[in-house]
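# Breakdown of the fold
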Amino acid sequence: MIDYKQMQTMTIEPNKSFVWPKGLRLVSNENVTIVLPGALIRNGEQIGTILKTSDGTEIGFEESKNPDELFTRIILKVSKGNEICINRATQAMLVCESELPITFQVED
């Protein structure tokens, strides 16, 4: 098992799913878009209890047609230098036109 919190950086391949461990805080080295599953936010929860971001991070939602889900996707537009922390383990995807991996700083 990888101890992500011991890492100083994390390199993520674009347009491929990756595991985002609970509590891992990443700082973006570039302007990026990250897509999270809508099921991350459960009925009755507020997004701020699950997702912590720097000011300036844009958060968008794709509404679900399924009555058991609020959203199908959560879309984060993260500026260079902004940090993101998710308080629940999930899958995520870095979406960009480049095929080159993007490196994020891992913070405590």
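A short tour of the structure in this document, coming up. (Residues numbered from 1 in each chain as written. Predicted model: local features only at pLDDT ≥ 70, side-chain atom pairs only at ≥ 80, totals over all residues. Heavy atoms only, no water.)

### Some details on the sheet that holds strand β3 (residues 25–28)
We apply this condition: A pair of strands is labelled paired if DSSP reports no fewer than 2 bridges between them. Strands here mean DSSP runs of E at least two residues long; helices mean DSSP runs of H or I at least four residues long; both are numbered from the N terminus. Lines fitted to C-alpha atoms define the axes, with helix axes restricted to the stretch in contact, and inter-axis angles between N-to-C directions lie between 0 and 180 degrees.
Within the open sheet, the 5 strands sit side by side as β1-β10-β3-β8-β5. Their pairing is antiparallel. Because the sheet does not close on itself, it has two edges, and the strands there are β1 (9–12) and β5 (51–53). Taken over all neighbouring pairs, the strand axes of this sheet differ in orientation by 30° on average, direction set aside. Sheet analysis places β3 next to strand β10 (residues 102–107), joined by 4 bridges and oriented antiparallel. Each residue of the ladder has a partner; that of V27, found in β10, is Q105.

### A closer look at the pairing of strand β4 (residues 32–37)
Working note: regular strand, side chains alternate between the two faces of the sheet. With 6 bridges joining them, β4 and strand β7 (residues 71–78) adopt antiparallel strand pairing. Note that in β7 the partner of L36 across the bridge is I74. Of the strand pairs in this sheet, β4 and strand β9 (residues 90–95) are connected by 3 bridges, and their pairing is antiparallel. Paired with T33 across the two strands is V95, which belongs to β9.

### Side note on the sheet that holds strand β6 (residues 58–63)
Read across the open sheet, the 5 strands follow the order β2-β9-β4-β7-β6; overall the sheet is antiparallel. Looking along the sheet, the strands with just one partner apiece sit at the ends: β2 (17–20) and β6. Across the sheet, the mean angle separating the axes of adjacent strands is 30° when strand polarity is ignored. The pairing of β2 with β9 spans 4 bridges and is classified as antiparallel. From the neighbouring strand, V19 faces β9, where its bridge partner is Q91.

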